[in-house]
Protein chains: 2
Amino acid sequence: MPQLRQDPSTNEWVIMAKERAKRPDQFRKDKKKKIVPEKDAECPFCPGNESKTPPEVLAYGTGKLGNVSDWRVRVIPNKYSALVPEGDLARTEREDFFRWMDGVGQHEVVIETPSHNRFIHLVEEKEVGEIILAYRERYRMLREDPRYNLIIIFKNHGEAAGTSLEHPHSQIVATPIVPAYIRRKYEVSTQYYDNTGRCLYCDMVKKEFRDGSRIVMESEDFVVFHPFASRSPFETVIVPQRHCCSFGDISDDEAREFAGVLRIILQKIYLGLNDPDFNYVIHTAPTKDENKDYYLWHLQLLPRLTTVAGFELGSGIYINTALPEDTAAYLREVPIQ
Amino acid sequence: MPQLRQDPSTNEWVIMAKERAKRPDQFRKDKKKKIVPEKDAECPFCPGNESKTPPEVLAYGTGKLGNVSDWRVRVIPNKYSALVPEGDLARTEREDFFRWMDGVGQHEVVIETPSHNRFIHLVEEKEVGEIILAYRERYRMLREDPRYNLIIIFKNHGEAAGTSLEHPHSQIVATPIVPAYIRRKYEVSTQYYDNTGRCLYCDMVKKEFRDGSRIVMESEDFVVFHPFASRSPFETVIVPQRHCCSFGDISDDEAREFAGVLRIILQKIYLGLNDPDFNYVIHTAPTKDENKDYYLWHLQLLPRLTTVAGFELGSGIYINTALPEDTAAYLREVPIQ
């Protein structure tokens, strides 16, 4: 008998298609490793090609900015920016019906390493740590701009995850709008808070601990689990154990520990599923809601193992062909290097 | 300057990345046509293999049911059903927190033609007409079951659209739940109705007519356009011009005309984009809301030309690299055979 499970953070239902379900190891990619060179003369993100990118806004390594080559992590404005830091914030009514506005915002690229093939799941904890610090530094800088209401940090790894450039990088987008999707998650957690006086996400973490079956690992300050109503196989979240709304507010210690946990999870996914394409996103409160009691920042990791089809597009109901209890058990056992 | 556009039916914003935008013809697939045989002895949907499928629930052709081979359109229960027509409708509270229920529902496959390679964009209008009548007949049958609240009819064409079987087919799923996604679209249109006394969707159609730039074609009872806030290139909707909530309530004449329009649009997409993978979905009111004044059934067609990446997954904001005005103009000019 299949099961319908409700995601408590969105109220959306997910079909757990047990009859169609595959074993977790069946999601392992059956592909040969692609050989990627350590340096690509044509790559705009490789050292020596700094002049091919817009001037950097942050660089760790040299202690000075200016598109010089001696850096370890580097943040630049996206050359093909989806939003631009100019224009009018006013929403327009067009013909009394449609609403639009200038595409105001900021779109940055975090070049994670000088090496063209040093993917984030292969690097040392210290290096992941510097990437996380770069995320946080840019987050803190962007939230000072009163035009921006939401800052999204994300990574696309591999073609199926929507990346076009191979060199290891993540992206940061600051937008003036809070999307309806985020507003609705807030409505749900606000309602829960008003009913119970507690944070929905903190309660979810407690329940996951009590149950245990979907926990992948935990550290002092973080816990990693596969959500009860995961929409796709191996959906993984890293959640802080201390209530904290905003990624921008994590301490140095937390950033370091988070980097360590992220590295372990990325290695487990890499080894357990044979280098699948994946996205990760840091979900965090809108900048003007960072001190609310009812949201928890977290990282969501989505290996791209299945295809969203007409049913999902039409109904918003996802069909998951793997049980999170099974995938969490599988990932727990994957040894890291 | 990029533009942010708001979808009036969901209140979600979409980024129209004009600077990154491609010309409509750049979305044309550069692939050779795959040769598909007219019959595949291994295919469970090909005539002669009726016994490999569950007993049919509808067949046009023989005038009698019973898995006989003389049919033109055939509907069968899905052998690998995501939901099953048994079990308990009660929602359960588990550990006072997570909510789940049995996966009650019905999942059917519409085998559109006996021919293994007679894809819906290649067939005669009369044949499309019979597929639409089969959709409607099964819709009407399923809505009689009081357990079901929503019936989704959809088609996945090609691997990128999530299909696993080549033989031309569509699917119908009846679910006991109304997803939050659909509820929210209703909230938006209810609010609009309460404010204005008018149907949001009917007003949208009027505005599209007045503007004209996004209209692809019209017939007596239907209009086809690329929505103002399209989330992906060549998103196409077919909308009735007469207010009607439910696909189940269309007349024979409307079904015939709808089939004719659908066939033209599928041909234009096939020829204009060189046989792209696509999904289509019939959006229709939940079965207990079919007589409301503020919803319009419609078909949404989504060619799978781009990849959803981390930004979309994290924010719910889509980046569209084609303007609907440009893609509509391109599709208008594609001659049909």
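So, a few notes on the structure that sits alongside this text. Given the structure is predicted, the values throughout are model-derived calculations rather than measurements.

### Things to note about the overall build of chain A
Each helix and strand in chain A was counted, giving 6 helices and 15 strands. The C-alpha atoms of chain A give a radius of gyration of 20 Å, which matches the 20 Å a tight globule of 337 residues would have. If you line up chain A on its principal axes, its C-alpha atoms span 60 × 55 × 40 Å. Expressed as a percentage of the 337 residues in chain A, the buried residues total 61%. If you take every contact in chain A between residues at least 6 apart in sequence, the share linking residues at least 24 apart comes to 67%. Here chain A displays about 13,500 Å² of accessible surface, and carbon together with sulfur accounts for 48% of that area. Side chains of chain A carry 45 positive and 51 negative charges; the gap between the two charge centres is 3 Å.

### A look at the interface of chain A and chain B
Contacts between the two partners involve 76 residues from chain A, matched on the other side by 76 residues from chain B. Taking both sides of the interface into account, the surface hidden between chain A and chain B amounts to around 6,200 Å²; carbon and sulfur atoms contribute 67%. Per-residue buried area on chain A facing chain B is highest for Leu4(A), Phe97(A) and Phe98(A); these three make up 11% of the total on that side. Our enumeration of links across chain A and chain B arrives at 2 salt bridges.

### Focus: the pairing of strand β11 (residues 222-225) of chain A
Residue and element names in this part refer to chain A. Both faces of β11 are covered, namely the face carrying Phe 222 and Val 224 and the face carrying Val 223 and Phe 225. The pairing of strand β10 (residues 215-218) with β11 spans 3 bridges and is classified as antiparallel. Considered in β11, the bridge of Ile 215 is made with Phe 225. Adjacent in sequence and paired antiparallel, β10 and β11 are bridged by 3 residues.

### Let's talk about the state of the cysteines
Per the stated rule, a full pass over the model turns up 0 disulfides over all chains. Cysteine Cys46(A) remains unbridged, with the sulfur of Cys43(A) as its closest cysteine sulfur at 3.9 Å. On the accessibility criterion, Cys46(A) (1% relative accessible area) is buried. Here Cys199(B) stays free of any disulfide, with the sulfur of Cys202(B) as its closest cysteine sulfur at 3.7 Å.

### Some thoughts on the packing of aromatic side chains
All names here are of chain A. In total, this model carries 34 aromatic pairs over all chains according to the counting rule given. Here the aromatic rings of Tyr 186 and Tyr 295 are separated by 4.8 Å at their centres, their planes lie at 20°, and the arrangement is stacked. In this pair, Tyr 186 is assigned in helix α2 (residues 180-196) and Tyr 295 in the loop between β13 (278-283) and β14 (298-303), connecting sequence segments 109 residues apart. A relative accessible area of 8% means that Tyr 186 is categorised as buried. By relative accessible area, which is 1% here, Tyr 295 ends up buried.

### Quick notes on the relation of the copies chain A and chain B
Rotating chain A by 180° and translating it 0.0 Å along the rotation axis places it on chain B, where the RMSD comes to 0.0 Å. Expressed as a symmetry operation, the mapping of one chain copy onto the other fits a two-fold axis. Here 100% of the contact residues of chain A are again contact residues in chain B; the copies associate through an equivalent surface.

### Some details on helix α4 (residues 252-273) of chain A
Here α4(A) is 22 residues long and its end C-alpha atoms lie 31 Å apart, about the 32 Å a rise of 1.5 Å per residue gives. Once α4(A) finishes, Asn274(A) follows within two positions and takes phi at roughly 60°, a positive value.

### Examining the packing of helix α1 (residues 125-143) of chain A against α4(A)
Residue and element names in this part refer to chain A. The interhelical angle for the contact between α1 and α4, taken along N-to-C directions, is 125°, at an axis separation of 8 Å. By the angle class used here, α1 and α4 are oblique. Taken as a pair, α1 and α4 cross one another with a handedness that is right-handed. For the pair α1 and α4, the contacting residues are Glu 125, Val 128, Gly 129, Ile 132, Leu 133 and Arg 136 in the first and Asp 252, Ala 255, Arg 256, Phe 258, Ala 259, Gly 260, Leu 262 and Arg 263 in the second. Tallied by class, the residues present in the contact of α1 with α4 amount to 7 nonpolar, 2 polar and 5 charged.

### Observations concerning unusual backbone geometry
Phi is positive for Asn11(A), which is not a glycine, with a value near 65°. Mapped onto the elements of the fold, Asn11(A) is located in the loop between β1 (3-6) and β2 (13-16). The backbone of Asn274(B) sits at a positive phi, close to 60°, despite the residue not being glycine. With respect to the helices and strands, the residue Asn274(B) is situated in the loop between α4 (252-273) and β13 (278-283). Judged by its relative accessible area of 7%, Asn274(B) falls in the buried class.

### Topic: the side chain of Asn49(B)
Residues and elements named next belong to chain B. Tracing the chain through its elements places Asn 49 in the loop between β2 (13-16) and β3 (58-60). Within the local environment of Asn 49, its side chain forms a polar contact with the backbone oxygen of Ala 41, the two atoms lying 2.9 Å apart. If sequence neighbours within four positions are ignored, Asn 49 has contacts with Asp 40, Ala 41, Glu 42, Cys 43 and Pro 44.

### Notes on the pattern of salt bridges
Taken as a whole, this structure holds 40 salt bridges over all chains when the rule is applied. Put simply, Arg214(A) and Glu325(A) hold a salt bridge, and the shortest N to O gap is 2.6 Å. With Arg214(A) in the loop between α3 (200-211) and β10 and Glu325(A) in helix α6 (residues 324-333), this pair connects stretches of sequence that are 111 residues apart. Both residues of the pair, Arg214(A) and Glu325(A), belong to the buried class. A salt bridge links Arg138(B) to Glu108(B); the shortest N-O distance between them is 2.6 Å. Here the residue Arg138(B) occupies a position in helix α1 (residues 125-143), and Glu108(B) occupies one in strand β7 (residues 106-111), the gap between them amounting to 30 residues. One network of salt bridges, in which partners are shared, links Arg5(A), Glu208(A), Arg214(A) and Glu325(A).

Definitions and limits used
- Residues numbered from 1 in each chain as written.
- Chains lettered and ligands numbered in written order.
- Predicted model: local features only at pLDDT ≥ 70, side-chain atom pairs only at ≥ 80, totals over all residues.
- Heavy atoms only, no water.
- Helix = DSSP H or I, 4+ residues; strand = E, 2+ residues; numbered from the N terminus.
- Rg over C-alpha atoms; globule rule 2.2 N^0.38 Å.
- Buried < 20%, exposed > 50% of the residue type's maximum accessible area, 1.4 Å probe, protein only.
- Contact = heavy atoms within 4.5 Å.
- Areas by Shrake-Rupley, 256 points an atom, 1.4 Å probe, with all protein chains shown as cover.
- Lys, Arg positive; Asp, Glu negative; His and termini not counted.
- Charge placed at Lys NZ, Arg CZ, Asp CG, Glu CD.
- Buried area = accessible area lost by both parts, 1.4 Å probe.
- Salt bridge = Lys/Arg side-chain N within 4 Å of Asp/Glu carboxyl O.
- Pairing = 2+ DSSP bridges.
- Disulfide = S-S within 2.5 Å.
- Phe/Tyr/Trp six-rings, centres within 6.5 Å; stacked < 30°, edge-to-face > 60°.
- Least-squares fit on C-alpha atoms with pLDDT ≥ 70 in both.
- Expected span 1.5 Å × (residues − 1).
- Axes fitted to C-alpha atoms, helices over the stretch in contact; angles between N-to-C directions.
- Parallel < 35°, antiparallel > 145°, perpendicular 65-115°, else oblique.
- Left-handed = near helix turned anticlockwise from the far one by under 90°.
- Nonpolar A, V, L, I, M, F, W, Y, C, P; charged D, E, K, R; others polar.
- Polar contact = N/O pair within 3.5 Å; in protein donor to acceptor, adjacent residues only side chain to side chain.

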